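# Coordinates in review
Residues per chain are reported as follows:
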Amino acid sequence: MVLVLALGDLHIPHRAPDLPAKFKSMLVPGKIQHIICTGNLCIKEVHDYLKSLCPDLHITRGEYDEDTRYSETKTLTIGQFKLGLCHGHQVVPWGDLDSLAMLQRQLDVDILVTGHTHQFKAYKHEGGVVINPGSATGAYSSITYDVNPSFVLMDIDGLRVVVYVYELIDGEVKVDKIDFKKTATTIHA
Amino acid sequence: MADGATPRRKSVPDWLNSPIWSAPPSSPRHRSPPRSAPSPPQPPPPPPPPPQSPRDPVPTPPPNAPRDGDGSGSDDEGEGAGAGAAGRSRAHLVAEFRVALDRKVVDLAELRRLACQGVPDAAGLRPVVWKLLLGYLPTDRALWPYELEKKRSQYSAFKDELLVNPSEVTRRMEEMTVSKREKHDAEGTGVLPRAEIVRDEHPLSLGKTSVWNQYFQESEIIEQIDRDVKRTHPEMQFFNGDTSDSLSNQESLKRILTIFAKLNPGIRYVQGMNEVLAPLFYVFKNDSDENHAASAEADAFFCFVELLSGFRDNFCKQLDNSVVGIRSTITRLSQLLKRHDEELWRHLEVVTKVNPQFYSFRWITLLLTQEFKFSDCLHLWDTLLGDPEGPQATLLRICCAMLILVRRRLLAGDFTANLKLLQSYPPTNIDHLLHIANKLRGPLPY
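Computed from a prediction, not measured in an experiment: that's the story for all the values here.

### Comments concerning the UniProt feature "domain: Calcineurin-like phosphoesterase" (unreviewed entry) in chain A
The UniProt record annotates "domain: Calcineurin-like phosphoesterase" (unreviewed entry) at residues 4-157 of chain A. Helix and strand shares over residues 4-157 of chain A are 18% and 30% respectively, and the end C-alpha atoms of the span are 11 Å apart.

Right, dumping it as structure tokens:
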């Protein structure tokens, strides 16, 4: 039972001052085992804050990140799942499923987490899942101003992952979930 | 009366001052007074007779007809044959135990009397005796299989219900509420549909009834239990080796304590409970009967609950200062000491100002598990569990006896020396100790 927090595109301080208060009250240290962040934090203070929630932090570089040392893509294995991480501005057209699927095949992962569009999306494609956690602060994106703050918490338990989607709609936190089971025989080419 | 020239001391009963206490007690298990006393084996010792007879005080010797041949009623090995007598007495004792246990309906009074003499180690009797004394097994032998089955399956149910992680719980809740749910698996392409969550059950939930929230709140206790279990009896291979056996023993201890903490929200887990549990689990796990040894965890859990029920109040912080709490128990010990040996009491509390809390807290809450070698501790517990007066009263008497046994050193020492002595109690002959504890019977001061 591993809890993995996936979030990104905070754009602090340029486009948003901070995470919404309701999100912050829920994110307490000690519950989450891993954090994966798609990028565009943008400053070190945000990095430190995320580090205080959980020591195991993985970040990829977004185009506005001030720390240039983050890598472009990252892969990690948690339990039975391979996760891939990328900001997503590199994948053109932005947010297109087929292009993201190419990236997923390239990284050879079960779950690909990307951002940049600031819209929550969850697709399944050919044995894998592509998740976009959206923007945790609700910052405007290159595409649209109408953004709801959202992030994703994955509960990885054996071959099954439950994806909890947290969205702030009209000032209230709405939580949905998505169940996904990996078939043990799935082989990536 | 003026405290001037001749301070009047409350006289110590003469039997306490008898020279026999200064000789290193070396005699093996027997019931008559130690042989160094110049007395014929059978009758009471020469010093003025103490209030009760020196024999084991169970008022009526059980009128047992089917006793094996020899010793009728009294088992004094006072033939003065030394080691041979001890060997014979052991065999005697084993035989008596077997007789007592073989009855259709076990006579608890008889069993208690026998247990107070000490359960022989080698014969594999201790697990059954303890289970009977703690009320885990009913006295009617015919009911044993049924009772055991019932209790063990109850324990499995507890494990199943309480030790499962929240992911599992939510999954089960789902399966109950939504009969047909399309499982999303790897086939196909497309947007993954979102589903509503059941009753606000998500991992970051801060709701009081949320399974997740409870899980995270309890994780503190679980960590504490984990740490304490790892520190239990580090010198023993059984608890702390590298083998998979000792690891599984530790896991069993952890499970028992966790389930106890979850079932008792009032008292949860307190440091020290692991020490009280350890001897129980050890004895049951080392049962010569394979079946019983395999279910040692379930048996130990129920016996632990039973044993702790008498001592719960000692662990409850809020009750510390109340009439039933640990402070009052310590006061009772102090009063007991004053009643039996005022000189020592005065020296300890008034002259050297050794507050009984400093040493007796650990003695009482941990039921003396930390003061003696593990095997001695098991002997001690035979009496503790077997005495008809009940464990609480017996414990106080034994503690008092512990103090009286080292009275010479205590009377000669100051605060530091006495505290040091009492906090690391010197190894002593347990039979001797129990013998003295026996003599301290009488109504407890309140």
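Having put the structure on the table, let's press on.
### Re the sheet that holds strand E4 (residues 73-78) of chain A
Strand pairing in a sheet takes place through backbone hydrogen bonds and is either antiparallel or parallel in direction. In spatial order, the strands read E4(A)-E5(A)-E6(A)-E8(A)-E7(A)-E1(B); together these six strands make up an open sheet with mixed pairing. Bordering the open sheet on either side are E4 of chain A together with strand E1 (189-191) of chain B, each of which pairs with just one other strand. Averaged over neighbouring strand pairs, the angle between their axes works out to 15° when direction is ignored. When strand E7 (residues 120-125) of chain A meets E1 of chain B, the two strands line up antiparallel, connected through three bridges. Paired with Lys124 of chain A across the strands is Gly190 of chain B, a residue of E1 of chain B. In the packing of helix H3 (residues 97-107) of chain A onto the sheet, contacts are made with E4, strand E5 (81-86), strand E6 (111-113), E7 and strand E8 (128-133) of chain A together with E1 of chain B, and the angle to E7 of chain A comes to roughly 65°.

### Regarding the interface of chain B and chain A
Counting residues at the interface gives 32 residues for chain B and 35 residues for chain A. Carbon and sulfur atoms make up 60% of the surface buried where chain B meets chain A, a total of about 3,000 Å² over both sides. Across the chain B-chain A interface, the total number found is zero salt bridges. Here chain B is connected to chain A by two residue pairs in polar contact (both at pLDDT 80 or more). Among the secondary structure elements, those contributing two or more residues to the side of chain B that touches chain A are helix H6 (166-177), E1, strand E2 (195-196) and helix H7 (211-230) of chain B. Ranked by the residues each element gives to the side of chain B that touches chain A, the list is headed by H6 of chain B, at six residues. In the side of chain B that touches chain A, the residues fall into 13 nonpolar, 10 polar and nine charged.

### Digging into the packing of aromatic side chains
Residues and elements named next belong to chain B. What the rule picks out here adds up to 20 aromatic pairs over all chains. A centroid spacing of 6.0 Å and a plane angle of 70° characterise the contact between Phe158 and Phe301, whose relative ring orientation is edge-to-face. With a gap of 143 residues between them, Phe158 in helix H5 (residues 144-162) and Phe301 in helix H12 (residues 296-315) connect regions that are remote in the sequence. On the basis of relative accessible area, Phe301 is assigned to the buried category, the value being 3%. Put simply, the rings of Tyr136, Tyr155, Phe158, Phe301 and Phe302 touch in pairs and so form one group of aromatic residues.

Conventions and cut-offs
- Residues numbered from 1 in each chain as written.
- Chains lettered and ligands numbered in written order.
- Predicted model: local features only at pLDDT ≥ 70, side-chain atom pairs only at ≥ 80, totals over all residues.
- Heavy atoms only, no water.
- UniProt positions renumbered as here; feature names shortened; annotations may be inferred.
- Helix = DSSP H or I, 4+ residues; strand = E, 2+ residues; numbered from the N terminus.
- Pairing = 2+ DSSP bridges.
- Axes fitted to C-alpha atoms, helices over the stretch in contact; angles between N-to-C directions.
- Contact = heavy atoms within 4.5 Å.
- Buried area = accessible area lost by both parts, 1.4 Å probe.
- Salt bridge = Lys/Arg side-chain N within 4 Å of Asp/Glu carboxyl O.
- Polar contact = N/O pair within 3.5 Å; in protein donor to acceptor, adjacent residues only side chain to side chain.
- Nonpolar A, V, L, I, M, F, W, Y, C, P; charged D, E, K, R; others polar.
- Phe/Tyr/Trp six-rings, centres within 6.5 Å; stacked < 30°, edge-to-face > 60°.
- Buried < 20%, exposed > 50% of the residue type's maximum accessible area, 1.4 Å probe, protein only.

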